[in-house]
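The primary structure of each chain is shown beneath.
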Amino acid sequence: ACGRGAVALWLARRGLVVDAVDVSPVGVAAGARRGADLPVRWIRHDLDAGLPEPGPYDVVVVQRFRSPALYPALAAALAPGGLLVVTV
C-alpha cells in the first residue's frame, strides 16, 4: 500500500528497482509524477485480492495496511535473505 510512494521513491533513489502498489489511482498517479525519472513500476491493485506479482523481492514494505491473511504471501514473495517490513 504505497500511497503517494514516499518509501518507493526512497528505495528507488538508493538503487533498487521498485514495484509500488496501491488501490488508489490518485496515490499511484501522484507517486508516478513525483518519481517519473526513477525505476519504479506503479501498479494500481487491491491488496485484499492478493499480491499482483509473485516476486521474488529483496525488500517488501507494507505501510498502513493491515491484513494478517496476506502476511504469508508477503513472506513467500521474498528472495532468500529478503526483508519484510510491515507497519500498521
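K.L.:
Just to check I follow, could you spell out the pattern of salt bridges for this structure?
P.N.:
Close approach of charged atoms allows side chains of opposite charge to pair. Applying the stated criterion across every chain yields a total of two salt bridges. One salt bridge in this structure joins Asp-19 and Arg-41, with 2.7 Å as the shortest N-O distance. Here Asp-19, found in strand S1 (residues 18-22), pairs with Arg-41, found in strand S2 (residues 40-44); they are 22 residues apart in sequence, far enough to count as distant. Arg-41 gets classed as partly exposed once you look at its relative accessible area, which sits at 40%. Salt bridges here are not isolated pairs; linked through shared partners, they connect Asp-19, Arg-41 and Glu-53.

K.L.:
Any chance you could explain the environment of Val-21 here in plain terms?
P.N.:
In this fold, Val-21 is placed in strand S1. With relative accessibility at 12%, the residue Val-21 sits in the buried group. A sequence separation of 25 residues divides Val-21 from Asp-46, and the C-alpha atoms of the two residues are 8.1 Å apart. Non-local contacts of Val-21, meaning those with residues more than four positions away in its chain, are made with Ala-1, Cys-2, Ile-43, His-45, Leu-47 and Pro-52.

K.L.:
I'm lost on a positive patch on the surface in this one. Help?
P.N.:
A contiguous patch of positive charge, built from Arg-4, Arg-13, Arg-14, Arg-33 and Arg-34, is present on the exposed surface. Within the element layout of this structure, Arg-14 appears in the loop between helix H1 (6-13) and S1.

K.L.:
Sorry if this is basic, but what is going on with the environment of Leu-11 here?
P.N.:
By the secondary structure assignment, Leu-11 is in helix H1. For Leu-11, a relative accessible area of 15% translates into the label buried. The sequence separation of Leu-11 and Val-59 amounts to 48 residues, and the corresponding C-alpha distance is 9.3 Å. When sequence neighbours within four positions are dropped, the list of residues in contact with Leu-11 reads Leu-16, Val-18 and Val-61.

Basis of the calculations
Residues numbered from 1 in each chain as written. Predicted model: local features only at pLDDT ≥ 70, side-chain atom pairs only at ≥ 80, totals over all residues. Heavy atoms only, no water. Salt bridge = Lys/Arg side-chain N within 4 Å of Asp/Glu carboxyl O. Helix = DSSP H or I, 4+ residues; strand = E, 2+ residues; numbered from the N terminus. Buried < 20%, exposed > 50% of the residue type's maximum accessible area, 1.4 Å probe, protein only. Contact = heavy atoms within 4.5 Å. Patch = residues over 30% accessible without salt bridge, like charges linked within 9 Å, V, L, I, M, F, W, Y side chains within 5 Å. Areas by Shrake-Rupley, 256 points an atom, 1.4 Å probe, with all protein chains shown as cover. Lys, Arg positive; Asp, Glu negative; His and termini not counted. Charge placed at Lys NZ, Arg CZ, Asp CG, Glu CD.

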